[in-house]
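Each chain, written out:
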Amino acid sequence: MNITTIELKELEFYAYHGLLAEEATIGQRFRLDLALRLKDGLEFQSDSIAATINYADVYERVKALFLGQRFNLLEAAAEAIASDLLEHFPRVVKVTLKIMKPSVPVDCHCRHFAVEITRCR
């Protein structure tokens, strides 16, 4: 079995997601890690984009979805992105997405709060 995984790491966006009114007004930075497992049996000897998926297209879809609407829950944002990627990229069979919120509105010292989901075709 040949497994191919494409990763987009530490994508950074400024957005207005969260439950609190301040999050909707002020916004904050979010970081996303994305892993896309491609279906088995793909051949890359042709060295052509037609054999795989276009990373730039994936990035643009993630960006449009994450910035295109406001989510109260990171879980809902992750679900929307994963579902969209599975729908629009038929060669992708598994999406793992982690959304990190570094500036949490909680009195704690931490790197981030995060949600990670995995969805499969």
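Here, the structure is the one placed above.
Just so it is clear, the model here is predicted, and its values are computed rather than measured.

## Considerations on the nonpolar core
Now for step 1: Leu32, Leu34, Val58, Val62, Phe66, Leu85 and Ile99 are the most contacted members of the largest nonpolar core, which has 30 residues in total.
Now for step 2: Counting residues per element, the ones that place at least two in this core are β1 (5–15), β2 (28–38), α2 (55–68), α3 (74–88), β3 (92–101) and β4 (113–120).
Now for step 3: Here this core gets seven residues from one element, more than from any other, and that element is α3.
Now for step 4: Setting aside its immediate chain neighbours within four residues, Ile99 contacts Phe30, Arg31, Leu32, Phe66, Leu74, Ala77, Ala78, Phe113, Ala114 and Val115.

## Examining α2
Now for step 1: Compared with the 20 Å implied by 1.5 Å per residue over 14 residues, the 19 Å span of α2 between its first and last C-alpha is a close match.
Now for step 2: Along α2, the positions that sit buried rather than exposed are Val58, Val62 and Phe66. In a view along the axis of α2, the buried residues occupy a sector of 55°, so they form one face of it.
Now for step 3: Capping the start of α2, Asn54 holds a side-chain oxygen 2.8 Å from the backbone nitrogen of Ala56, two or three residues further along.

## Looking at a nonpolar patch on the surface
Now for step 1: Residues Tyr14, Tyr16 and Ile26 make up a contiguous nonpolar surface patch of roughly 300 Å² in combined accessible area.
Now for step 2: Mapped onto the elements, Tyr14 comes out in strand β1.

## Some remarks on the pattern of salt bridges
Now for step 1: On inspection of all chains with the given rule, the structure shows six salt bridges.
Now for step 2: Taking the shortest distance from any N to any O, the salt bridge between Glu12 and Arg29 comes out at 3.6 Å. Of this pair, Glu12 sits in strand β1 while Arg29 sits in strand β2, and the two are 17 residues apart along the sequence.
Now for step 3: When its relative accessible area of 43% is taken as the criterion, Glu12 is described as partly exposed.
Now for step 4: With a closest N to O distance of 2.6 Å, Glu23 and Lys101 form a salt bridge. On the criterion of sequence distance, the pair formed by Glu23 in helix α1 (residues 21–26) and Lys101 in strand β3 is long-range, its members being 78 residues apart.

The rules behind each value
- Residues numbered from 1 in each chain as written.
- Predicted model: local features only at pLDDT ≥ 70, side-chain atom pairs only at ≥ 80, totals over all residues.
- Heavy atoms only, no water.
- Core = buried A, V, L, I, M, F, W, Y, C linked by side-chain atoms within 4.5 Å.
- Buried < 20%, exposed > 50% of the residue type's maximum accessible area, 1.4 Å probe, protein only.
- Helix = DSSP H or I, 4+ residues; strand = E, 2+ residues; numbered from the N terminus.
- Contact = heavy atoms within 4.5 Å.
- Expected span 1.5 Å × (residues − 1).
- Arc of directions from axis to C-beta.
- Polar contact = N/O pair within 3.5 Å; in protein donor to acceptor, adjacent residues only side chain to side chain.
- Patch = residues over 30% accessible without salt bridge, like charges linked within 9 Å, V, L, I, M, F, W, Y side chains within 5 Å.
- Areas by Shrake-Rupley, 256 points an atom, 1.4 Å probe, with all protein chains shown as cover.
- Salt bridge = Lys/Arg side-chain N within 4 Å of Asp/Glu carboxyl O.

Shape is all these values report; function is a separate question.
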